[in-house]
Amino acid sequence: PYTVQRIARQFVLFGHIEPNHRFQGLFRTAIGLSINEFLELSVILLTHVQSKPGAVISENFFSPVVATYSPNAVHIFLNSISLDVTSARAWLEQIEAQKDERERTVDYEFVEQSPLIRFPLLRNNTGYMCISPVLLHHSLQFFLYDTLKELDAEGFMEKFGAMFETYVKNNLQPVFPALLTEADFREHFGNQNDQKVVDFLIVDGENNIFIDAKGVAMSWIGMVTH
């Protein structure tokens, strides 16, 4: 249901971003933490949940590393992904009210994701409770993408597309050294702005594999349909 690689991917995609990058500013304004602070605290939290499933999560668990982060970082982090019971009820009612008629059918229940993916922890006076380890993993592995896209969809996708292409290239090139890129095609065929070319070409024996890297999220129905 979840893998470490999906969390590590967030570090590869976003962990190198400079402190003055627009994404850093957007994320810090919305959440109150830098991107790297959020990612590192996510890994620590997941370690806790995996090693002690069902245990109440206390801010004291983070005490060995708390001094390395900005003031109140742990509190801000845990509160950014949690709700109390009253707030959770209001959140669920809000999501329900926003559904269209298609989303209110029984059939849709088989493919929809939990609204609590945005807030996978419940909090009270004693600490925080993980609703589901799978839900928590899924939430954290897409949290940065979802948050930044929600804050500025057009601006985010304009910059993220190039980041995602670089990510794909860096993963393919060590395995396929003869990888051809969009830049190679444009140089060979002529750099015409209106010319559509594929992002990558892998030559594997007698096979040519064309790859178009799209950093967009598929709909949930698309992800489960056969």
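Report follows, based on the coordinates. (Residues numbered from 1 in each chain as written. Predicted model: local features only at pLDDT ≥ 70, side-chain atom pairs only at ≥ 80, totals over all residues. Heavy atoms only, no water.)

## Details of the overall build of the protein
Here's step 1: Per the secondary structure count, the protein includes nine helices and six strands.
Here's step 2: Dimensions of the protein along its principal axes, counting C-alpha atoms only, are 65 × 50 × 35 Å.
Here's step 3: Within the span of the protein, comprising 226 residues, buried residues form 33% of the whole.
Here's step 4: Put simply, 58% of the contacts in the protein that link residues at least 6 apart link residues at least 24 apart.
Here's step 5: Accessible surface, the protein as shown: approximately 14,000 Å² in total, 55% of it carbon and sulfur.
Here's step 6: The averaged location of the 27 negative side-chain charges in the protein is 5 Å from the averaged location of its 17 positive side-chain charges. (Helix = DSSP H or I, 4+ residues; strand = E, 2+ residues; numbered from the N terminus. Buried < 20%, exposed > 50% of the residue type's maximum accessible area, 1.4 Å probe, protein only. Contact = heavy atoms within 4.5 Å. Areas by Shrake-Rupley, 256 points an atom, 1.4 Å probe, with all protein chains shown as cover. Lys, Arg positive; Asp, Glu negative; His and termini not counted. Charge placed at Lys NZ, Arg CZ, Asp CG, Glu CD.)

## Thoughts on the pairing of strand β2 (residues 121–124)
Here's step 1: Relative to β2, strand β1 (residues 82–83) is paired through two bridges, and the arrangement is parallel. In the strand pairing of β2, S82 is matched with L121.
Here's step 2: Taking the sense of rotation as the criterion, the β-α-β connection linking β1, helix α5 (residues 85–98) and β2 turns out right-handed.
Here's step 3: Where β2 meets strand β3 (residues 127–130), four bridges bridge the pair, whose relative direction is antiparallel. Bridging across to β3, N124 finds its partner in G127.
Here's step 4: Here β2 hands over to β3 after two residues, the two strands then running antiparallel side by side. (Pairing = 2+ DSSP bridges. Right-handed = clockwise from strand over helix to strand, strands pointing away.)

## Considerations on the sheet that holds β3
Here's step 1: Spatial ordering of the open sheet is given by β1-β2-β3, a layout of three strands whose pairing is mixed. The open sheet is flanked by β1 and β3, the only strands paired with a single partner.

## A look at the packing of helix α6 (residues 133–151) against helix α7 (residues 153–172)
Here's step 1: Their axes nearest at 5 Å, the elements α6 and α7 cross at an angle of 130 degrees. Regarding the angle of α6 to α7, the classification is oblique. Each of Y145, L148, K149 and L151 in α6 lies in contact with α7, whose residues at this interface are A153, F156, M157 and F160. (Axes fitted to C-alpha atoms, helices over the stretch in contact; angles between N-to-C directions. Parallel < 35°, antiparallel > 145°, perpendicular 65-115°, else oblique.)

## Quick notes on the sheet that holds strand β6 (residues 207–211)
Here's step 1: Read across the sheet, three strands follow the order β4-β5-β6 without closing on themselves; strand pairing throughout is antiparallel. Either end of the sheet is taken by a strand with one partner, and the two such strands are β4 (180–181) and β6.
Here's step 2: As paired strands, strand β5 (residues 200–204) and β6 are joined by five bridges and run antiparallel to one another. When the bridges of β6 are listed, V203 appears paired with N208.
Here's step 3: Docked against the sheet, α7 engages β4, β5 and β6, running at close to 15 degrees with respect to β5.

## Some details on the pairing of β5
Here's step 1: Here β4 pairs with β5 via two bridges, running antiparallel. When the bridges of β5 are listed, T181 appears paired with F200.
Here's step 2: The antiparallel hairpin formed by β5 and β6 contains two residues in its connecting segment, where G205 sits at a positive phi of about 65 degrees.

By themselves, these figures tell us nothing about what the structure is for.
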